[in-house]
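Secondary and tertiary structure notes
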Amino acid sequence: MSYFQRHVFVCTNERNDPCRQSCGDHQAGAEALEYLKARSKDLGLAGPGQLRVSKAGCLGRCEEGPLLVIYPEARWYTYVDETDLAEIVEQDLRHGQVVERLLLDR
């Protein structure tokens, strides 16, 4: 059994280059990371044997970002704001249900 049952990686890579989008531009990735960490902890989802939320550098899908990926399911999500992140937490992280409207690979 793995130390964590599920792992969320949030891209926080920052380029701030008008020619190439990045998940961390304008603090989007860092803000998402902090929200996901706090919310999963508040709900009792985080910790050994459960969920881990971690920052990641570039995940290689910049044109689709900002984004995050949940393992072991390998579900890739994009998001716009905290409302989207709240839906991912509630539906996927809490109840294991895919949030189709935010899913990158359908």
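Higher on the page you've got the structure.
Residues numbered from 1 in each chain as written. Predicted model: local features only at pLDDT ≥ 70, side-chain atom pairs only at ≥ 80, totals over all residues. Heavy atoms only, no water.

**Examining the state of the cysteines**
For the record, the criterion: Cysteine sulfur atoms that pair up within 2.5 Å are treated as a disulfide. Burial classification: accessible surface area is computed with a 1.4 Å probe over protein chains only, and a residue below 20% of its type maximum counts as buried, one above 50% as exposed, and the rest as partly exposed.
Tallied over the entire structure, the rule returns 0 disulfides. Among the cysteines around Cys 62, which has no disulfide bond, Cys 58 carries the closest sulfur, lying 3.6 Å off. Given the relative accessible area of 6%, Cys 62 is considered buried.

**Digging into helix 1 (residues 28-42)**
Operational definition: To qualify as a helix, a DSSP run of H or I must reach at least 4 residues; to qualify as a strand, a run of E must reach at least 2; elements of each kind are numbered from the N terminus. Helix span is expected to be 1.5 Å times the residue number reduced by one. Contact definition: two residues touch when any of their heavy atoms are within 4.5 Å.
For helix 1, which comprises 15 residues, the first-to-last C-alpha distance of 21 Å matches the rise-based estimate of 21 Å (1.5 Å per residue) to within 8%. The set of residues buried in helix 1 consists of Gly 29, Ala 32, Leu 33, Tyr 35, Leu 36 and Ser 40. Where helix 1 is buried, its residues touch strand 1 (6-11), strand 2 (51-56), strand 3 (67-71) and helix 2 (82-94). Following helix 1 by one or two positions, Gly 44 has its phi on the positive side, about 75 degrees.

**Points about the sheet that holds strand 2**
Note on sheets: strands pair through backbone hydrogen bonds, and any given pair is parallel or antiparallel. Operational definition: By the convention used here, strands pair only if DSSP detects at least 2 bridges between them. An axis is simply a line fitted to the C-alpha atoms; with a helix, the fit covers only the stretch in contact. Between two such axes, the angle follows the N-to-C directions and lies from 0 to 180 degrees.
Read from one edge of the open sheet, 4 strands run 2-1-3-4, paired in mixed fashion. Strands at the two margins of the open sheet, each flanked by one partner only, are strand 2 and strand 4 (75-78). Each strand axis lies, on average, 20 degrees off the axis of its neighbour in the sheet, ignoring direction. Taken together, the 6 bridges between strand 1 and strand 2 define a ladder with parallel strand orientation. Across the sheet, the residue bridging to Val 8 is Val 53, located in strand 2. Together, strand 1, strand 2 and strand 3 form the strand contacts of helix 1, whose direction differs from that of strand 2 by roughly 170 degrees.

**A few points about the packing of helix 1 against helix 2**
Packed helix pairs are characterised by how far apart their axes lie and by the angle those axes make with each other. As a reminder, the rule being used: We call a crossing left-handed when the near helix sits turned anticlockwise from the far one by less than a right angle, and right-handed when that turn is clockwise. All amino acids are sorted into three groups, where Ala, Val, Leu, Ile, Met, Phe, Trp, Tyr, Cys and Pro are nonpolar, Asp, Glu, Lys and Arg are charged, and the leftover types, Gly among them, are polar.
Look at helix 1 against helix 2: their axes get within 10 Å of each other, and the N-to-C directions meet at 35 degrees. Note that helix 1 runs across helix 2; the crossing there is right-handed. For the pair helix 1 and helix 2, the contacting residues are Ala 32, Tyr 35, Leu 36 and Arg 39 in the first and Glu 82, Leu 85, Ala 86 and Val 89 in the second. For the contact of helix 1 with helix 2, the per-class residue count stands at 6 nonpolar, no polar and 2 charged.

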